[in-house]
Amino acid sequence: MALLELDDLHIGYPADGGMIELVRGLSLSLDAGEAIGLVGESGSGKSQTALAILQLLRPPLRILKGRIRFDGQDLTDAGEAALRRLRGGAISMVFQDAMSGLNPAFTVGVQLTNVISAHRKASRAEATRIAVEALDMVGIRNPEARLRQYPHQFSGGMRQRVLIAMAIACRPKLLIADEPTTALDVTVQAQIVDLLGDLRRKLGLAVLFITHNLDLMAQLCDRAVVLYGGMLMEEGKVDALFAAPAHPYTRALLACVPRLSDLPGVIHTIEGSAPVAGRLTTGCPFAPRCGARVAQCADRPPVRLVASGRIACWKAAA
Ligand SMILES: Nc1ncnc2c1ncn2[C@@H]1O[C@H](COP(=O)(O)OP(=O)(O)OP(=O)(O)O)[C@@H](O)[C@H]1O
Ligand SMILES: [Mg+2]
C-alpha cells in the first residue's frame, strides 16, 4: 500500500461566479521510504499541493475535489485534532526560508523541545535528550551548547539543519521539503540534499522534494513528477526522465539546466511565459508554448500509463 496517495486532486478558489483551479486533477503516490521530486516552473502548483496534503491551504484556496490518503487515513476529511497530531508528527514539512520557520526570540533548544513535547509525552530531560540527538543527526556539532543559542547565531545552512532537526525529531514517515535549499549558496545546497538522503536511509523516511533544481532532485529522488499549469505532464524514474524525456515540456525543462559546456553568459529559457491561473485553456496547458503542438492539443490529453511511468501528451510516443 502506498504511504501517500493523491487521487484526482483539484485545488482552487471561487472567483467571478466560477472556480479558478490552480491544481487540476493531480494523482500521485509515494511509497514508504521513497523520495519523489515535484518539479515545474514557478506557479505550477507545487507548493499548493504540499499545503493541501497537510490541509494547510489558506482560504479562499481549498480542495475542490479529490482525495488525499496517508498511511490508510483519509486526510481530506480528517478532523482538526487528528491533523494537528499528524503535522510535525508522522508528516513534517521544511520550507525555503529557514529564518521564518524559527522564532528569533527563543533559543533553538526551546523551539526544538516545544515541538517534541507537542507530539510526545516526554519529561524536560527526555525532550532535551531527543533534541540533542536530532541536532546530532543533522550534523550539528556540540549539540548541547548549540541548544542554548539563538537562531541568529547560526548560519543560513545551519538554520536549515535546525529546521530539519525539528522536522525529524518526532520520527515522521513523510517529510515534505518545499525548496529547502533555494535560499542557500550552491555548496550548502548540495550538503543539505546529502543530509536529506542520509536521513532518508537512516530513518526510512519518505520524501516529497519540491524544487526548481533538477540536478539536486536527481541527487535525492528515485522518481519525478513534472507539473505544468497545475497538471501532471510526465512522471517517471529520474534516470529515465533525464536520459529520454518523452514530454515536450520535460524536454524543454531539461534543456534549461545549465551545463559546464555552455558558453559564459548563456542562459537557456523556455520561450513564452508560464500560464496564469484562471486563464488556463481547456486543452493541454503547455500547448501555447509547445513546438510539437498539433490541433488535437486543444483537447486535454489524458494521463496515460507508459513503460517509463505516466505521460499526458497527444504527441509523445508510449
Ligand atoms: N492565495 C492565493 N490566491 C490565489 N492564487 C494563488 C494563491 N496562492 C497561490 N496562488 C496561485 O496558485 C498557483 C500555484 O501556486 P504555487 O505556489 O503552488 O506554485 P509553485 O509551483 O509552488 O511555484 P514556485 O515555484 O514559485 O514556488 C500560482 O498561479 C499562484 O499564483
Ligand atoms: Mg512554491
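Overview of the structure.

The rules we used
- Every chain is numbered independently, its residues counted from 1 as its sequence is written.
- Working convention: letters from A go to chains and numbers from 1 go to ligands, in the order in which they are written.
- Where local features are concerned, this predicted model is filtered to residues with pLDDT of at least 70; where side-chain atom pairs are given and counted, the filter is 80 or more; whole-chain, interface and lining totals use all residues.
- Side-chain descriptors were evaluated using all non-hydrogen atoms of the structure, hydrogens and water having been removed beforehand.
- Any residue with a heavy atom lying within 4 Å of a molecule or strand is counted as near it.
- As used in this structure description, the phrase polar contact means that two N or O atoms lie within 3.5 Å; if the pair is within protein, one of them must be able to donate a hydrogen and the other to accept it, and residues adjacent in sequence are counted only when both atoms belong to side chains.
- What sets the accessible areas is the Shrake-Rupley method with a 1.4 Å probe; for residues, cover comes only from the shown protein chains.
- Secondary structure elements are taken from DSSP: a helix is a run of H or I of four residues or more, a strand is a run of E of two residues or more, and numbering for both begins at the N terminus.
- Under the scheme applied here, ten amino acids are nonpolar (Ala, Val, Leu, Ile, Met, Phe, Trp, Tyr, Cys and Pro), four are charged (Asp, Glu, Lys and Arg), and all others, including Gly, are polar.
- Disulfide assignment relies on a single distance test, namely cysteine sulfur atoms paired within 2.5 Å.
- Side-chain rings of Phe, Tyr and Trp, where Trp is taken by its six-membered ring, are said to pair if the distance between their centres is within 6.5 Å; with planes under 30 degrees apart they count as stacked, over 60 as edge-to-face, and otherwise as tilted.
- Lysine NZ or arginine CZ positioned within 6 Å of the ring centre and within 35 degrees of the ring normal marks a charge as sitting over the ring.
- Any two strands with at least two DSSP-identified bridges between them are counted as paired.
- Angular values range over 0 to 180 degrees, each being the angle between N-to-C directions of two axes fitted as lines to C-alpha atoms, with helices fitted over their stretch in contact.
- Throughout, a residue-residue contact means that at least one pair of heavy atoms, one from each residue, lies within 4.5 Å.
- Relative orientations are named as follows: roughly parallel for angles under 35 degrees, roughly antiparallel for angles over 145 degrees, roughly perpendicular for angles from 65 to 115 degrees, and oblique for any other angle.
- Left-handed is the label given to a crossing in which the near helix is rotated counterclockwise from the far helix by less than a right angle, and right-handed is the label when the rotation is clockwise.

1. Remarks on the site of ligand 1
- Every one of the 14 residues lining ligand 1 counts as a neighbour, but Ser 42, Gly 43, Lys 46, Ser 47 and His 212 are closest to it.
- At 2.9 Å from an oxygen atom of ligand 1 is found a main-chain nitrogen or oxygen belonging to Gln 48.
- Considering ligand 1 on its own, with 640 Å² of exposed area, one finds that the protein chains cover 67% of that surface.
- No other element matches the 3 residues that helix α1 (residues 46-53) contributes to the shell around ligand 1.
- Among the residues forming the shell around ligand 1, the class breakdown is 4 nonpolar, 7 polar and 3 charged.

2. A look at the state of the cysteines
- In the structure shown here, the tally under the stated rule is 0 disulfides.
- Among the cysteines around Cys 290, which has no disulfide bond, Cys 297 carries the closest sulfur, lying 6.3 Å off.

3. Remarks on the packing of aromatic side chains
- In total, this model carries 3 aromatic pairs according to the counting rule given.
- For the cation-ring pair, Arg 146 lies above Phe 154, with the distance from its terminal atom to the ring centre recorded as 4.1 Å.

4. Things to note about the sheet that holds strand β10 (residues 231-237)
- Here 8 strands make up an open sheet; going across it, the order is β6-β7-β8-β3-β9-β10-β12-β11 and the pairing mixed. Of all strands in the sheet, those bounded by a partner on one side alone are β6 (91-94) and β11 (304-306). Ignoring which end each strand starts from, the neighbouring axes of this sheet average 20 degrees apart.
- Inspection of the sheet shows β10 paired to strand β12 (residues 309-311) by 3 bridges, in the antiparallel sense. Looking across to β12, one finds that Glu 234 is bridged to Ile 311.
- Against the sheet, helix α6 (residues 156-168) touches β6 and β7 (174-178), its axis set at about 170 degrees to β6.

5. Digging into the sheet that holds strand β4 (residues 62-70)
- Taken in spatial order, the 4 strands line up as β2-β1-β4-β5 in an open sheet, and their pairing is antiparallel. What marks the edges here is a single partner per strand, and that holds for β2 (18-30) and β5 (73-74).
- In the sheet, β4 pairs with β5 via 2 bridges, with the strands oriented antiparallel. From the neighbouring strand, Arg 69 faces β5, where its bridge partner is Asp 74.
- Seen against the sheet, α1 touches β1 (4-15), β2 and β4 and runs at an angle of roughly 110 degrees to β1.

6. Quick look at the packing of helix α3 (residues 108-119) against α6
- Between α3 and α6, whose axes approach to 9 Å, the crossing angle comes to 25 degrees. Taken together, α3 and α6 sit at an angle that is classed as roughly parallel. At the point where α3 passes α6, the crossing takes the right-handed sense. The residues of α6 that touch α3, namely those facing Val 108, Gln 111, Leu 112 and Val 115, are Val 162, Ala 165 and Met 166.

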